[in-house]
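For reference, the chains in residue letters:
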Amino acid sequence: MMDEARYNPLVAAAFKRIMAAADAFDPDVLEADSTGDMVTLTASSREKCIINTQRAVRQLWVAGQGQGIHFDYDEASRTWKDDKGRGLELFAFVAGVVKHLTGQDLVYPS
């Protein structure tokens with residue numbers, strides 16, 4: 001398992017990237033809030049996408065569209081992948097949830 005010294009900066013970078021993409025939205029369409037171990041994206045319908053840490057197992061967890069998906073960091077590909085091997089990637093999954101909630105694309109900064 002990854003140690004906390006490696007996990008914490010990866011989580012911070014993931015949260016920063018998600019927040020930067022969400023901040024491009026009109027706040028009447030999508031609001032983004034970050035509070036320590038959690039990012040909450042709230043659509044105008046009040047539906048949410050919640051991304052939070054699972055520190056004990058060094059994962060990120062995403063709740064949205066009636067699902068809860070756990071993501072592990074994959075060192076080889078340098079990205080967060082779902083822990084069940086379904087081929088889901090964190091940023092693409094969050095973008096899909098936002099598209100479902102708002103009808104708009106979540107575009108991550110380069």
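Residues numbered from 1 in each chain as written. Predicted model: local features only at pLDDT ≥ 70, side-chain atom pairs only at ≥ 80, totals over all residues. Heavy atoms only, no water.

- In the nomenclature of an unreviewed UniProt entry, the protein is known as Iron donor protein CyaY of Corallococcus llansteffanensis.
- UniProt, in its Sequence similarities (unreviewed entry) section for the protein, records the words "Belongs to the frataxin family." (UniProt positions renumbered as here; feature names shortened; annotations may be inferred.)

1. A word on the overall build of the protein
Okay, step 1: Secondary structure assignment for the protein yields two helices and six strands.
Okay, step 2: Along the protein, from the amino end to the carboxyl end, the secondary structure elements read α-β-β-β-β-β-β-α.
Okay, step 3: Taken over the C-alpha trace, the protein has a radius of gyration of 13 Å; the compact-globule value for 110 residues is 13 Å, and the two agree within 12%.
Okay, step 4: Along the longest, intermediate and shortest principal axes, the C-alpha atoms of the protein span 40 × 25 × 25 Å. (Helix = DSSP H or I, 4+ residues; strand = E, 2+ residues; numbered from the N terminus. Rg over C-alpha atoms; globule rule 2.2 N^0.38 Å.)

2. So, the nonpolar core
Okay, step 1: Residues Leu 41, Ile 51, Trp 80, Leu 90, Val 94 and Leu 106 are the most contacted members of the largest nonpolar core, which totals 34 residues.
Okay, step 2: Going through the elements one at a time, helix H1 (4-22), strand E1 (30-35), strand E2 (38-43), strand E3 (48-54), strand E4 (59-64), strand E5 (67-74) and helix H2 (90-102) are the ones with two or more residues in this core.
Okay, step 3: The biggest single contributor to this core is H1, with nine residues. (Core = buried A, V, L, I, M, F, W, Y, C linked by side-chain atoms within 4.5 Å. Buried < 20%, exposed > 50% of the residue type's maximum accessible area, 1.4 Å probe, protein only.)

3. Regarding a negative patch on the surface
Okay, step 1: Residues Asp 26, Asp 28, Glu 31 and Asp 33 make up a contiguous surface patch of negative charge.
Okay, step 2: Tracing the backbone shows Asp 33 in strand E1.
Okay, step 3: On the basis of relative accessible area, Asp 33 is assigned to the partly exposed category, the value being 42%. (Patch = residues over 30% accessible without salt bridge, like charges linked within 9 Å, V, L, I, M, F, W, Y side chains within 5 Å. Areas by Shrake-Rupley, 256 points an atom, 1.4 Å probe, with all protein chains shown as cover. Salt bridge = Lys/Arg side-chain N within 4 Å of Asp/Glu carboxyl O. Lys, Arg positive; Asp, Glu negative; His and termini not counted. Charge placed at Lys NZ, Arg CZ, Asp CG, Glu CD.)

4. Some thoughts on the sheet that holds E2
Okay, step 1: Ordered by their spatial adjacency, six strands build an open sheet running E1-E2-E3-E4-E5-E6, and the pairing between neighbours is antiparallel. What marks the edges here is a single partner per strand, and that holds for E1 and strand E6 (79-82). This sheet shows a mean twist of 20 degrees between the axes of neighbouring strands, independent of strand direction.
Okay, step 2: Judged from the six bridges that link them, E1 and E2 form a sheet pairing that is antiparallel. Across the sheet, residue Thr 35 finds its bridge partner in E2, namely Met 38. (Pairing = 2+ DSSP bridges. Axes fitted to C-alpha atoms, helices over the stretch in contact; angles between N-to-C directions.)

5. Brief notes about the packing of aromatic side chains
Describing an aromatic ring pair means giving the distance of the ring centres and the angle of the ring planes.
Okay, step 1: Summed over the entire model, instances satisfying the criterion amount to four aromatic pairs.
Okay, step 2: Centre to centre, the rings of Tyr 7 and Trp 80 are 6.4 Å apart; their planes meet at 80 degrees, and the pair counts as edge-to-face. A residue pair is termed long-range when its members are at least 10 positions apart, and Tyr 7 in helix H1 and Trp 80 in strand E6 qualify at 73 residues.
Okay, step 3: Their ring planes at 75 degrees and their centres at 5.3 Å tell us that Phe 91 and Tyr 108 sit as a pair that is edge-to-face. Taken as a pair, Phe 91 in helix H2 and Tyr 108 in the segment after H2 lie far apart in primary sequence, 17 residues in all.
Okay, step 4: A relative accessible area of 9% means that Phe 91 is categorised as buried.
Okay, step 5: Put simply, the rings of Tyr 7, Tyr 73 and Trp 80 pair up and form one aromatic cluster.
Okay, step 6: Seen from the ring of Phe 91, Arg 17 lies directly overhead, with NZ or CZ sitting 4.4 Å from the centre.
Okay, step 7: One Lys or Arg, Arg 58, reaches over the ring of Tyr 7 and ends 6.0 Å from the middle of that ring. (Phe/Tyr/Trp six-rings, centres within 6.5 Å; stacked < 30°, edge-to-face > 60°. Lys NZ or Arg CZ within 6 Å of the ring centre and 35° of its normal.)

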